[in-house]
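# Structural description and commentary
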Amino acid sequence: MSLSHITLSSGRSIELTELRMSSPYGGMLEGYPCKPVNDMKVRSLQRQAEHSFPSTPVHLVPPSREYPDQTAGAFGPVEILPSVACIGAFRSTAIAPELDPVLHRSALTVVWFQTVLAVPSGEDADPELRSIRWEELAQDYEL
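Presented here is an overview of the structure given in this document. (Residues numbered from 1 in each chain as written. Predicted model: local features only at pLDDT ≥ 70, side-chain atom pairs only at ≥ 80, totals over all residues. Heavy atoms only, no water.)

## Some thoughts on the overall build of the chain
Keep this limit in mind: The secondary structure listing takes helices from DSSP runs of H or I that are at least 4 residues long and strands from runs of E that are at least 2 residues long, numbered from the N terminus. The rule is simple: take the accessible area with a 1.4 Å probe, protein chains only, and divide by the maximum for that residue type; under 20% is buried, over 50% is exposed, in between is partly exposed. Contact definition: two residues touch when any of their heavy atoms are within 4.5 Å. With residues, only the protein chains shown are counted as cover, and all accessible areas are computed by Shrake-Rupley using a 1.4 Å probe. Note that His is not counted, nor are the chain ends; the positive residues are Lys and Arg, and the negative ones are Asp and Glu. A charged residue contributes its charge at one atom only: NZ of Lys, CZ of Arg, CG of Asp or CD of Glu.
The helix and strand tally for the chain stands at three helices and eight strands. Each helix and strand of the chain, ordered N terminal to C terminal, gives the series β-β-α-β-β-β-β-β-α-α-β. With the C-alpha coordinates of the chain rotated into their principal frame, the extents come out at 55 × 30 × 25 Å. A buried classification covers 37% of the 143 residues belonging to the chain. Considering only contacts in the chain between residues 6 or more positions apart, those separated by 24 or more positions represent 72%. As displayed, the chain has an accessible area near 8,200 Å², and 55% of this comes from carbon and sulfur atoms. Across the chain, 11 positive and 18 negative side-chain charges occur, with their mean positions spaced 5 Å apart.

Here it is, written out as structure tokens:
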């Protein structure tokens, strides 16, 4: 059973089967959000996804970044990522048309950031998430 269904811009329907959400700045004890810190956070989240889902390809949807204060500190200006970091395991029908649709599916693990604590669903999911090029990024597998 899936957590939700998302309709991609291409028209393909994908199922969200697992979702992990966290705060990008949870546990940050010192410093401030800036480009070097955010780049480390994004890379860390991507490595976590690759480690957690080693049998599927991982795709990072580049996060938006806000610059609320142009005053630069020691590591540059304040740079803020969206407040929710997500790792999602997605499944869909097979990509290759010659594969048996009963025995094959396709899978992709996606890392993305969003502003609200909500499960993405339907056509209301973030446009960046819906624009994933599934046929190029996902991988077919046999059940």
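Read on for the rest.
## Here's the deal with the nonpolar core
Put simply, the rule is: We call a set of buried residues a nonpolar core when its members are Ala, Val, Leu, Ile, Met, Phe, Trp, Tyr or Cys and they connect through side-chain atoms within 4.5 Å of each other.
By size, the foremost hydrophobic cluster in this structure holds 16 residues, and its most contacted members are Ile-6, Phe-90, Val-110, Trp-112, Ile-132 and Trp-134. Broken down by secondary-structure element, the contributors of at least two residues to this core are strand E2 (13-22), strand E6 (84-93) and strand E7 (104-114). Each residue touching Trp-112, except ones within four places of it in the same chain, is listed here: Leu-19, Val-61, Val-84, Ala-85, Cys-86, Ile-87, Gly-88, Phe-90, Pro-120 and Leu-129. One finds Val-42, Leu-81, Ala-85 and Ile-87 within the second-largest nonpolar core, a separate group that totals 11 residues.

## Considerations on the pairing of strand E1 (residues 4-7)
Note the cut-off: At least two bridges found by DSSP between two strands is the condition for calling them paired.
A one-sided burial pattern is seen for E1, the buried positions being Ser-4 and Ile-6 and the unburied ones His-5 and Thr-7. Where E1 meets E2, four bridges bridge the pair, whose relative direction is antiparallel. Looking across to E2, one finds that His-5 is bridged to Glu-15. With antiparallel pairing between neighbouring strands as the criterion, E1 and E2 make up a hairpin whose turn holds five residues, including Gly-11 at a positive phi of roughly 100°.

## Section: helix H1 (residues 35-52)
Since there are 3.6 residues in each turn of an α-helix, residues three or four apart along the chain are aligned in direction. Counted only if it meets this: The span expected for a helix works out to 1.5 Å for each residue beyond the first. Within this analysis, the arc is defined by the directions that extend from the helix axis to the C-beta atoms.
Compared with an ideal rise of 1.5 Å per residue, which puts 18 residues at 26 Å, H1 spans 25 Å between its outermost C-alpha atoms and is within 8% of the ideal. Every buried residue of H1 is listed here: Val-37, Asn-38, Val-42, Leu-45 and Ala-49. Around the axis of H1, the buried residues are gathered within 135° of arc, so they sit on the same side. The secondary structure elements touched by the buried residues of H1 are strand E3 (58-60), E6 and E7.

## Concerning the side chain of Ser-4
Our working rule: Identification of polar contacts relies on pairs of N or O atoms within 3.5 Å, with a donor-acceptor requirement for protein atoms, meaning one able to donate a hydrogen and the other able to accept it, and with residues adjacent in sequence counted only if both atoms are side-chain atoms.
Inspection of the secondary structure puts Ser-4 in strand E1. Polar side-chain contacts of Ser-4 include one of 2.6 Å to the backbone oxygen of Pro-120. In contact with Ser-4, not counting residues within four places along its chain, are Ile-14, Glu-15, Leu-16, Val-119, Pro-120 and Ser-121.

## Re the packing of aromatic side chains
For clarity, the threshold we go by: The pairing test for Phe, Tyr and Trp rings, Trp by its six-membered ring, is centres within 6.5 Å, and the orientation test on the planes gives stacked under 30 degrees, edge-to-face over 60, and tilted for anything in between.
Within this structure, the stated rule accounts for one aromatic pair. Ring centres 5.9 Å apart and planes at 45° place the aromatic pair Phe-90 and Trp-112 in the tilted group. Note that Phe-90 is positioned in strand E6 and Trp-112 in strand E7, a separation of 22 residues in sequence.

## Details of the environment of Phe-75
With respect to the helices, strands and loops of the structure, Phe-75 is situated in the loop between strand E4 (72-73) and strand E5 (76-77). Each C-alpha atom of the pair Phe-75 and Tyr-32 lies 8.7 Å from the other, and the pair is 43 residues apart in sequence. Beyond its immediate stretch of four places on either side in the chain, Phe-75 contacts Tyr-32, Cys-34 and Pro-36.

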